[in-house]
Amino acid sequence: MQQTEEPKTGIQEVVREVNWDDFRDHLATADQEGRRMWIYPRQPAGRFYRWRTWLSWSLLLIMFAGPFIRIHGNPLLLVNIVDRKFVVLGQVFWPQDGVILAIGLLIFLIGIAVFTAAYGRLWCGWVCPQTVLMEMVFRKIEYLIEGDSHQQRALAKAPWTGSKIARKAGKHVIFLGLSFLVGNTLLAYIIGSDALIRIVTDDPRRHLEGLTFMILFTLVFYAIFARFREQACTFICPYGRLQSTLLDENSIVVAYDYRRGEKRGALHRSQSMEARHATGHGDCIDCRQCVTVCPTGIDIRNGTQMECVHCTACIDACDDVMEKIRRPRGLIRYASLDGIERGEKQLKITPRLVAYTCILVSLIGLEVFLIFSRSQMQITLLRTPGALFQQMPNGKISNLYLLKLINKTPRQIPVQLKLENIEGTVTVLGKDLVVPPQQRMQTSVLIELSPARLRHGSTELVLGVYADGTRLQTLKTAFVGPRKDG
Ligand code: SF4
Ligand code: SF4
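Residues numbered from 1 in each chain as written. Chains lettered and ligands numbered in written order. Predicted model: local features only at pLDDT ≥ 70, side-chain atom pairs only at ≥ 80, totals over all residues. Heavy atoms only, no water.

1. Quick look at the overall build of the protein
In terms of helices and strands, the protein carries 17 helices and 17 strands. Against the globule reference of 23 Å for 486 residues, the protein gives a C-alpha radius of gyration of 32 Å, more extended than a compact globule. Counting only C-alpha atoms and orienting by the principal axes, one finds that the protein spans roughly 110 × 60 × 40 Å. Residues classed as buried in the protein amount to 44% of the 486 residues present. Looking at the protein alone, contacts between residues at least 24 apart form 66% of all its contacts between residues at least 6 apart. Total accessible area computed for the protein in this model is approximately 26,100 Å², and 62% of it derives from carbon and sulfur atoms. Charged side chains of the protein number 59 positive and 44 negative; the gap between the two group centres comes to 5 Å. (Helix = DSSP H or I, 4+ residues; strand = E, 2+ residues; numbered from the N terminus. Rg over C-alpha atoms; globule rule 2.2 N^0.38 Å. Buried < 20%, exposed > 50% of the residue type's maximum accessible area, 1.4 Å probe, protein only. Contact = heavy atoms within 4.5 Å. Areas by Shrake-Rupley, 256 points an atom, 1.4 Å probe, with all protein chains shown as cover. Lys, Arg positive; Asp, Glu negative; His and termini not counted. Charge placed at Lys NZ, Arg CZ, Asp CG, Glu CD.)

2. Let's talk about the packing of aromatic side chains
Taken as a whole and judged by the stated rule, the model has 8 aromatic pairs. Measuring from ring centre to ring centre gives 6.3 Å for Phe 48 and Trp 126, while their planes differ by 75°; the resulting arrangement is edge-to-face. Taken together, the residues span a long stretch of sequence, with Phe 48 in helix α2 (residues 47–65) and Trp 126 in helix α4 (residues 122–126) at a distance of 78 residues. Members of the aromatic cluster, each reached through a chain of ring pairs, are Phe 48, Trp 51, Trp 126 and Tyr 334. Over the face of the ring belonging to Trp 160 we find Lys 164, whose NZ or CZ atom lies 4.3 Å from the ring centre. (Phe/Tyr/Trp six-rings, centres within 6.5 Å; stacked < 30°, edge-to-face > 60°. Lys NZ or Arg CZ within 6 Å of the ring centre and 35° of its normal.)

3. A look at helix α6 (residues 149–157)
Among the residues making up α6, those that are buried are Ser 149, Gln 152 and Leu 155. Across the axial projection of α6, the buried residues extend over an arc of 125°, all falling on one side. Away from the buried face of α6 by more than 90 degrees, exposed residues His 150 and Lys 157 are located. Next to the buried residues of α6 lie α5 (129–146) and α7 (162–191). (Arc of directions from axis to C-beta.)

4. Focus: the site of ligand 1
By nearness alone, 13 residues border ligand 1, and Cys 284, Cys 287, Arg 288, Cys 290 and Cys 318 come closest of all. Listing elements by their share of the shell around ligand 1, those giving two or more residues are α14 (289–292) and α15 (313–324). Its residues assigned to classes, the shell around ligand 1 shows 9 nonpolar, 1 polar and 3 charged. (Near = heavy atom within 4 Å. Nonpolar A, V, L, I, M, F, W, Y, C, P; charged D, E, K, R; others polar.)

5. Quick word on the pattern of salt bridges
Scanning the model with the defined rule gives 22 salt bridges in all. Between Lys 324 and Asp 320 there is a salt bridge; the shortest N-O distance is 3.1 Å. A residue pair is termed a helical-turn pair when its members lie 3 or 4 positions apart in one helix, as Lys 324 and Asp 320 do in helix α15 at 4 residues. Overlapping salt bridges bring together Glu 142, Glu 146, Lys 168, Lys 171 and Arg 229 as one network. (Salt bridge = Lys/Arg side-chain N within 4 Å of Asp/Glu carboxyl O.)

6. What to know about the packing of α5 against α6
Packing of α5 against α6 leaves a shortest axis separation of 9 Å and a crossing angle of 70°. By the angle between their axes, α5 is roughly perpendicular relative to α6. Crossing angle aside, the handedness with which α5 passes α6 is left-handed. Contact residues: Glu 142, Tyr 143 and Glu 146 in α5; Gln 151, Gln 152 and Leu 155 in α6. Classifying every residue of the contact of α5 with α6 by side-chain character gives 2 nonpolar, 2 polar and 2 charged. (Axes fitted to C-alpha atoms, helices over the stretch in contact; angles between N-to-C directions. Parallel < 35°, antiparallel > 145°, perpendicular 65-115°, else oblique. Left-handed = near helix turned anticlockwise from the far one by under 90°.)

7. Focus on the sheet that holds strand β4 (residues 85–88)
Taking strand neighbours across the sheet as the criterion, the 3 strands line up as β3-β4-β5 in an open arrangement whose pairing is antiparallel. Both outer strands of the open sheet, β3 (77–80) and β5 (91–93), are each paired with one neighbouring strand and no more. Strand-to-strand twist across the sheet, computed as the mean angle between neighbouring axes with direction ignored, equals 25°. One ladder, built from 3 bridges, connects β4 with β5; its direction is antiparallel. When the sheet's bridge partners are listed, Val 87 is paired in β5 with Val 92. (Pairing = 2+ DSSP bridges.)

8. Overview of the pairing of strand β15 (residues 440–449)
Regular strands have side chains that alternate between both faces of the sheet. β15 sits mainly inside the fold: 7 of its 10 residues count as buried. Sheet topology places strand β10 (residues 397–407) next to β15; 10 bridges connect them, and they run antiparallel. In the sheet register, Lys 404 faces β15, and the bridge partner there is Gln 442. Of the strand pairs in this sheet, strand β13 (residues 425–428) and β15 are connected by 4 bridges, and their pairing is antiparallel. Bridge pairing links Thr 427 to Leu 446 in β15.

9. Examining the environment of Asn 394
Locating Asn 394 in the fold gives a position in the loop between β9 (390–391) and β10. Assessed through its relative accessible area of 51%, Asn 394 is described here as exposed. Within polar-contact distance, the side chain of Asn 394 engages the backbone nitrogen of Lys 396 at 3.0 Å. (Polar contact = N/O pair within 3.5 Å; in protein donor to acceptor, adjacent residues only side chain to side chain.)

10. A look at the sheet that holds strand β16 (residues 458–467)
On the basis of which strands lie adjacent, the open sheet formed by 3 strands has the order β12-β16-β17 and antiparallel pairing. Each having just a single partner strand, β12 (416–419) and β17 (470–480) make up the two edges of the open sheet. Going from strand to strand, the sheet's axes swing by 30° on average, the running direction of each strand aside.

11. Points about the packing of α7 against helix α8 (residues 193–201)
Running from amino to carboxyl end, α7 crosses α8 at an angle of 125°, the nearest separation of the two axes being 7 Å. If you check the angle between α7 and α8, you find them oblique. Residue-level inspection shows Asn 184, Leu 187, Ala 188 and Ile 191 of α7 in contact with α8, the latter providing Ser 193, Ala 195, Leu 196 and Ile 199. Counted by class, the contact of α7 with α8 contains 6 nonpolar, 2 polar and no charged residues.

Right, dumping it as structure tokens:
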């Protein structure tokens, strides 16, 4: 990069000229020919890394325990595509809840757009399972076995001695084991923990399909965490691709304060900060500590970039440098680009941020309302296809119906049926009408009416469905009978 030599008097003067022969015409992790350049990030340390570590442990605990945590007998989360059964926070959703799921998905997508516009890629750096597992589990194990970045680099260049083979093999065996654990956890979120335990404990020949997915997921996760790494965020993740369209100059991002940092240059041992500033230099001493810790290999001083997952490692690294040279922390910090241009030193709560947060909270509130206000029971009543009316021995006319019930609650519900608009008999054929918890059932219902109560051809029926004396739903249907002459 070339730098202008003008004194630092304003925004125009501190903007550096870009060497377009080199800048952003290739990925930070690929060379000019497109070959992968392996990243050996230095292990971060600092307050953000500490906070992220604590949060990550909590998230990992929830993630691995999730399929085994039961709320009303249901898991925390289940996405059973095969049986078309979905559970969120212990609430079961059926395909019949499609409207809620569709609105929920819409709210989720709008929420992502609003959240990213307001808070940038906070999700990626702090909560995304890819970042949490990569940086807080796999990378830490790598540091433990192979050492920090310079030792890893040296090991990579070293000849294949017994010690190198043992360390590399040990690392990959652990990675494979962890990938197996992660893969199984994902499988448990799809088929449920009970089904997973059955696959693990039962005769393998009876679960070939499940075992295939188990191996597939393990290999995919091993490939992601052992090989793909930051490329999963850069090439595969659609959210990463979308961010360039969702972010604007008011979004909060991990940003380098170029007004304060430029013109960058080495700090001479004898030079005071005042003397340095008098020469037009800013606070950035060009130590590149922010670059060496970056897991995606970028230089945040070049501005917001597609690869930046907002992991905050560069903030910690630069804060450490600032403390050592006795300058205020925050040369790299959470800020909006507009805020940095305006020279704001701290993150400001702007009306836009408040408005976006209100929209987000409202959307979450709407989704929670939709989930908890949905009917506990879904009931449909249809005339049995192909069945005509019948004249009973007692002279009454009967129609046969098909009653379908879905119990969305965690308790069984005994149901009673009652004609609301006409006198007649309702008989449930077969077993008692008790719907087991979170199950669906269907049964045949015979309704008998006196011919005197029938209208010409078809009579409208109103059927009340009751549980414990409370009317759950009112169903309307038609009752057909013989045509009356005249
Ligand atoms: S760590 Fe801070 S001082 Fe060092 S190069 Fe990065 S921005 Fe400049
Ligand atoms: S630039 Fe900073 S925040 Fe972004 S990925 Fe690199 S280290 Fe993390």
